[in-house]
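Observations on the three-dimensional arrangement
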Amino acid sequence: MAKKLAVIGAGLMGSGIAQVSAQAGSDVVLRDVTDAALARGKDAIEASYAKFVSKGKLTAEGAEQALARIATTTDLDAAADADIVVEAVFEKIEVKREIFATLDGLVRDETILASNTSAIPITKIAAATSRPERVVGTHFFSPVPLMALCELVRGYKTSDETLAAAREFAEGIGKTCVVVNRDVAGFVTTRLISALVVEAAKLYESGVASAEDIDIACKLGFGHAMGPLATADLTGVDILLHATDNIYTESQDEKFAPPEIMRRMVEAGDIGRKSGRGFYPHD
Ligand SMILES: NC(=O)c1ccc[n+]([C@@H]2O[C@H](COP(=O)([O-])OP(=O)(O)OC[C@H]3O[C@@H](n4cnc5c(N)ncnc54)[C@H](O)[C@@H]3O)[C@@H](O)[C@H]2O)c1
């Protein structure tokens, strides 16, 4: 496990990664651009630790010690002595590339640079550095303290040693890893959910079955915890359309061609739970 970890971005994912890493014993420096964002991240971590304590899954002393291992800063230089840096800022390639280029000139030669991107090719991020062999994808899932999966993504030049170090880090904080050996758009998880949502939306669009019945079929027929259309509403139809469009553009594989209904829903603002309506009405 990394002795010293730097997490760039104190949002939903960055604060979660910092939280589980500190709980596992790492010293963590959490960096964001504003004090307000850092305060929000630290508050979220504190609240989550408190929940684990109230459920008897963590002692109050353990929570206090873990919290004390997390330092917050707006200064990227604080990442200079990290063994591993995990970036979890907005899903924007230019922002990520700029951070990786800066980190490249800042950290030690042997430091691993990881990105929590859900869809941007690791190779594109790694190309902003002079050490693409030391750049890797560590795709955690939300909420990080509860979700057991970490998708490890090998960029075109990621070395075996870097992949092994990323695995050691992710397993050290209690996650189970799957390895994406080729840096394909959408990795494994986003490709799978996109393919399922696209087909479910096509069945719904063409009147083959109702949204409820499509979801029930997946839940009771395959044991899925949630049907694909309910998942689309939860994640955001806009987010899934964007991801699917991106996979389709890169792969030219027809099975990822988003059905028209998803585009119309997004244009109409019916993007799921956050807008009050998606494939289902939401109060
Ligand atoms: N939300 C999810 O369910 C989820 C799941 C898996 C992966 N991801 C990926 O994780 C990453 C972060 O997502 P999120 O949901 O935590 O986003 P978020 O919007 O909650 O947080 C992003 C944070 O990055 C900060 N930031 C922006 N520019 C920065 C910079 N230059 N330096 C430091 N901090 C900066 C912002 O202030 C913000 O606090 C994205 O790449 C996203 O695709 C998200």
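Before going into details, it helps to say that this report is about the structure given with it. Quantities reported herein were computed from a predicted structural model and do not represent experimental measurements.

**Regarding the packing of helix α7 (residues 189–205) against helix α11 (residues 260–268)**
- Viewed as axis vectors pointing N to C, α7 and α11 meet at an angle of 90°, and their least axial separation amounts to 8 Å. With respect to α11, the axis of α7 lies roughly perpendicular. Facing α7, whose interface residues are Val197, Ala201, Tyr204 and Glu205, α11 presents Glu260, Ile261 and Met262.
- Its residues assigned to classes, the contact of α7 with α11 shows five nonpolar, no polar and two charged.

**Side note on the packing of aromatic side chains**
- Inspection of every chain in the model, using the stated rule, returns two aromatic pairs.
- Aromatic side chains Tyr204 and Phe279 sit 5.5 Å apart centroid to centroid with 80° between the ring planes, which places their arrangement in the edge-to-face category. Taken as a pair, Tyr204 in helix α7 and Phe279 in the segment after α11 lie far apart in primary sequence, 75 residues in all.
- With a relative accessible area of 4%, Phe279 lands in the buried category.

**Some details on α7**
- Taking 1.5 Å as the rise per residue, α7 with 17 residues should run 24 Å; its terminal C-alpha atoms sit 24 Å apart, in good agreement.
- Three or more residues of α7 are buried, namely Thr189, Thr190, Ser194, Val197, Val198, Ala200 and Ala201.
- For α7, the secondary structure elements touched by its buried residues are β6 (135–140), β7 (149–154), α8 (211–222), α9 (228–235), α10 (237–251) and α11.
- Just downstream of α7 lies Gly207, where phi reads positive at about 75°.

**Observations concerning the sheet that holds strand β8 (residues 176–180)**
- Strand order in the open sheet formed by eight strands is β3-β2-β1-β4-β5-β6-β7-β8, and the pairing between neighbours is mixed. In this open sheet, the two strands that pair with only one neighbour each are β3 (70–73) and β8. For this sheet the average axis-to-axis angle between neighbouring strands, irrespective of direction, equals 25°.
- Taken strand by strand, helix α6 (residues 160–172) contacts β1 (4–8), β4 (84–87), β5 (112–115), β6, β7 and β8, and its axis lies near 30° from that of β6.

So, how was this worked out
- Residues numbered from 1 in each chain as written.
- Predicted model: local features only at pLDDT ≥ 70, side-chain atom pairs only at ≥ 80, totals over all residues.
- Heavy atoms only, no water.
- Axes fitted to C-alpha atoms, helices over the stretch in contact; angles between N-to-C directions.
- Helix = DSSP H or I, 4+ residues; strand = E, 2+ residues; numbered from the N terminus.
- Parallel < 35°, antiparallel > 145°, perpendicular 65-115°, else oblique.
- Contact = heavy atoms within 4.5 Å.
- Nonpolar A, V, L, I, M, F, W, Y, C, P; charged D, E, K, R; others polar.
- Phe/Tyr/Trp six-rings, centres within 6.5 Å; stacked < 30°, edge-to-face > 60°.
- Buried < 20%, exposed > 50% of the residue type's maximum accessible area, 1.4 Å probe, protein only.
- Expected span 1.5 Å × (residues − 1).
- Pairing = 2+ DSSP bridges.

Functional significance is not addressed by these values, which are geometric in nature.
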